[in-house]
Amino acid sequence: MARILITSAIPYINGIKHLGNLVGSQLPADLYARYCRARGHEVMFLCATDEHGTPAELAAAKAGKPVADYCAEMHEVQAELARGFRLSFDHFGRSSSPQNHRLTQYFAGRLAENGLIEEVSERQVYSNADGRFLPDRYIEGTCPNCGYEKARGDQCENCTKQLDPTDLIDPRSAISGSTDLEVRETKHLYLKQRSLRGDLEAWIDSKTDWPVLTTSIAKKWLNDGDGLQDRGITRDLSWGIPVKKGEADWPGMEGKVFYVWFDAPIEYIAASAEWAEKNGRPEADWRRWWRLDEGAEDVRYVQFMGKDNVPFHTLSFPATIMGSRDPWKLVDYIKSFNYLNYDGGQFSTSQGRGVFMDQALSILPADYWRWWLLSHAPESSDSEFTWENFQASVNKDLADVLGNFVSRVTKFCRSKFGEVVPEGGAYGDREQELNDDLYIRIRAYDAHMEAMEIRKAAAELRAIWVAGNEYLQSAAPWTVYKEDPDQAAAIIRFSLNLIRLYAVLSAPFIPDAAKAMMDAMGCEDDTWPAQMTHAMERLAPGQAFTTPEMPFRKISDEEREEWQARFAGQRG
RNA sequence: GGGCCUGUAGCUCAAUGGUCAGAGCAGGGCGCUCAUAACGCCUUGGUUGGGGGUUCGAGUCCCUCCGGGCCUACCA
């Protein structure tokens, strides 16, 4: 038994996430967490909402609510959706928690003590009408390079030239449209990542088993141009974690907050502290996951995220940890994902293009989405959601291969032997052969799950389901029954045990269906199969079961067409 | 502009430089009748984006061209 710490990239607070966001971090993290628990490991699976930053303030203003209220409400909305998708977080925290305030200020203090913080005075654009400093991309204007009128202050989307906000012709606020802008002097803290570059590079170089996607992004940032740059970790905002040096005030930084990307990863740690408080546990109980000097030497820490998050998890956050010169746990493995596209284009939050988490659950149960998304996870390159593919995969895999297997076995048994595991007969060569085959397949499934090769794991699981149908076809209990009812009873007893086996193996992917299958078999033993002969005798003769009606219904062509039209764009 | 990823069957994807490039779906044929017209067996289908090179041997390594995508540090 091992101890496994798992975190998913924390979703931003300003709205409901789409399926691309879900499959890029939270869902695969949940799959892995469920698998690790099923194998008997001690798991701490954490996620949270990422609540600070300019977009949160603007979204709250648009909703006409105080930002704290807005975030509290949206946190609850996201938490409810997470429950709907059966994301099995041990805790779903908030980056605005008191625990994160304390830890973020603590880390900043440690970094300052270690000489890794620099105060930099810089000039930034201030909007009088909006009463706030504007991040570069919240300033619009005409591109000096190509004349595009909606160029952003960081880059022109039309000609892709990188810009400085002061380059723009006729600059205006992207929030209010106001042209009443001025450049003001403001002081900020920079994390001196440059002086940690060597440590970071050595650490990245030691991670030879990480996905190429992860290490290539990290190396690019380490080596590109002048190499890793120092990074501003404070902002002029009202909503956020006040800048402090540990518990002490930070002279000259009054009224400023930490940059959201500084405090967000620290929330991984803080979330465990929230977990401890919520469950009435002592501090030591969460610190044993994070502090190498307080019990975390044997913890394996795995992070899940989309590729856009990689620089912050391979460089910025590790720089914070290393720079603290404290024995905090660094990540051991980063599983990163490409993007999921939607029907020939990108998912678009602003255009309402694609399927969002709430909409998905409103039309089909979580298992349908979990199965499709995980079995098509964008691991090696971007992948694409189409309704045709979704319908075909779900109908074939879940309804025909798995669901129908459960139906045909239970209904045959009910009609010939009643709703109890039948006695009589004995397992023979055919059963032994399948056991041998399943043993090999389950070991392959385990290997894929342990390596977080998600699509391969899904394919192997599906092959395990198929094996049940092959067995039934060749054993043909409906024929055997006519001559030798006892032998047919043995075949069905074996098949009912297969259902239980499938429930155990499938639970990480489709937890609700798996539970329904276990409940139907009247079984509570979900021990992961080791020796097949034992696993296939869990359901003893005489044990009652119930016959589930339609474990998975199919998606009709009409439904598919309707959804296709409904989610094409312009949400609402 | 620079960097990275990617291109394999109609579709979605596999293949430590080493049998005849494999699966699933779709298509075709046969079988079965327990089951949600489901299941099983067999089968059609490829100049691995184009071209050149290295090698006894290239989907895999190198060069080049073409197509798709991502990143490029103040959105998060």
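In this text the structure is predicted, and so the values were computed from the model without any measurement. Residues take numbers from 1 onward in each chain, read along the sequence in its written order. As a convention, the first chain written is A and the first ligand written is 1, with the rest following in written order. In keeping with the predicted nature of the model, local features appear solely for residues at pLDDT of at least 70, side-chain atom pairs appear and are counted solely at 80 or more, and the whole-chain, interface and lining totals rest on all residues. Side-chain figures throughout are based on the complete set of non-hydrogen atoms in the structure, without hydrogens or water.

## Section: the overall build of chain A
So, point 1. Counting its secondary structure elements, chain A contains 20 helices and 19 strands.
So, point 2. For 572 residues, the compact-globule formula gives about 25 Å, and the C-alpha radius of gyration of chain A, at 27 Å, lands near that figure.
So, point 3. With respect to the principal axes defined by its C-alpha atoms, chain A has extents near 95 × 55 × 40 Å.
So, point 4. The 572 residues of chain A split such that 55% are buried.
So, point 5. Within chain A, residue pairs in contact and separated by at least 24 positions form 77% of the contacts whose partners lie at least 6 positions apart.
So, point 6. Computed with the Shrake-Rupley method and a 1.4 Å probe, the accessible areas treat only the protein chains shown as cover for residues. Accessible surface for chain A amounts to roughly 23700 Å². Of this, 47% is attributable to carbon and sulfur atoms. Each helix is a run of H or I in the DSSP string that is no shorter than four residues. Each strand is a run of E no shorter than two, and both are numbered from the N terminus. The globule rule used for comparison is 2.2 Å times the number of residues to the exponent 0.38, while the radius of gyration itself is calculated over C-alpha atoms. A simple rule labels every residue: compare its accessible area, found with a 1.4 Å probe on the protein chains alone, to the largest value its type can have, and call it buried under 20%, exposed over 50%, or partly exposed in between. The criterion used for residue contact is that any of the two residues' heavy atoms lie within 4.5 Å.

## A few points about the nonpolar core
So, point 1. Residues belong to a common nonpolar core when they are buried Ala, Val, Leu, Ile, Met, Phe, Trp, Tyr or Cys residues joined through side-chain atoms within 4.5 Å. Among the nonpolar cores identified, the biggest contains 157 residues, and W369 and F509 are the most heavily contacted of them.
So, point 2. Among the elements that line this core, the one with the most residues is helix α13 (residues 387-417), at twelve residues.
So, point 3. In this view, F509 contacts L31, R370, W371, L374, Y445, M449, I454, A457, A458 and L461; residues no more than four positions away in its chain are not counted.

## Quick look at the packing of aromatic side chains
So, point 1. The rule is short: rings of Phe, Tyr and Trp, with Trp giving its six-membered ring, pair when the centres are within 6.5 Å, and they are stacked under 30 degrees, edge-to-face over 60, tilted in between. Tallied over the entire structure, the rule returns 34 aromatic pairs.
So, point 2. A centroid spacing of 5.1 Å and a plane angle of 75 degrees characterise the contact between W290 and Y301, whose relative ring orientation is edge-to-face. With W290 in helix α9 (residues 283-290) and Y301 in strand β15 (residues 299-306), this pair connects stretches of sequence that are eleven residues apart.
So, point 3. Take W290: its relative accessible area is 0%, and that puts it in the buried class.
So, point 4. Here the guanidinium or amino end of R3 rests over the ring plane of W289, the centre of that ring lying 4.5 Å away.
So, point 5. The rule for a charge over a ring is simple: NZ of Lys or CZ of Arg within 6 Å of the ring centre, and within 35 degrees of the ring normal. Sitting over the ring of Y439, R443 keeps its end group 4.8 Å from the ring centre.

## Some thoughts on the UniProt feature "short sequence motif: 'HIGH' region" (unreviewed entry) in chain A
So, point 1. This chain's UniProt record puts "short sequence motif: 'HIGH' region" (unreviewed entry) on residues 11-21.
So, point 2. Helix makes up 27% of residues 11-21 and strand 0%, and the two end C-alpha atoms of the span are 8 Å apart. UniProt positions are given in the numbering used here, feature names are shortened, and annotations may be inferred rather than shown by experiment.

## Quick look at the sheet that holds strand β16 (residues 333-337)
So, point 1. Pairing between strands is defined by DSSP: at least two bridges between them are needed. Taken in spatial order, the five strands make up an open sheet running β3-β2-β1-β15-β16, and their pairing is parallel. Strands at the two margins of the open sheet, each flanked by one partner only, are β3 (91-94) and β16. Strand-to-strand twist in this sheet, taken as the mean axis angle between neighbours without regard to direction, amounts to 20 degrees.
So, point 2. Of the strand pairs in this sheet, β15 and β16 are connected by five bridges, and their pairing is parallel. Considered in β16, the bridge of M305 is made with S336.
So, point 3. Helix α8 (residues 260-278) contacts β1 (3-8), β2 (42-49), β3 and β15 of the sheet and is inclined by roughly 115 degrees relative to β3. Angles here are taken between N-to-C directions and fall from 0 to 180 degrees, while the axes themselves are lines fitted to C-alpha atoms, restricted in helices to the stretch in contact.

## Describing the protein's contact with RNA strand B
So, point 1. Whether a residue is near a molecule or strand is decided by its heavy atoms; if any one of them lies within 4 Å of it, the residue is near. Lining the immediate surroundings of RNA strand B are 55 residues, of which Q124, R137, Q346, N404 and R455 lie closest.
So, point 2. Within 4 Å of the protein, the contacting atoms of RNA strand B are drawn from sugar and phosphate to the extent of 70%.
So, point 3. A 3.5 Å cut-off defines polar contacts: any pair of N or O atoms within that distance qualifies, except that in protein one atom must be a possible hydrogen donor and the other a possible acceptor, and neighbouring residues in sequence count only when both atoms are side-chain atoms. The contact in question runs from a phosphate oxygen of RNA strand B to an N or O atom on the side chain of Y259, over 3.2 Å.
So, point 4. The side chain of K554 places a nitrogen or oxygen atom 3.2 Å from a sugar or linking oxygen of RNA strand B.
So, point 5. Of all the secondary structure elements, the ones that give two or more residues to the surface near RNA strand B are α3 (54-63), β4 (117-127), α7 (212-223), α8, α13 and α15 (454-475).
So, point 6. Considering each element in turn, the surface near RNA strand B owes the most residues, ten residues, to α13.
So, point 7. Each residue belonging to the surface near RNA strand B can be placed in one class, and the counts come to 17 nonpolar, 17 polar and 21 charged. Gly is placed with the polar residues, together with every amino acid not listed as nonpolar (Ala, Val, Leu, Ile, Met, Phe, Trp, Tyr, Cys and Pro) or charged (Asp, Glu, Lys and Arg).

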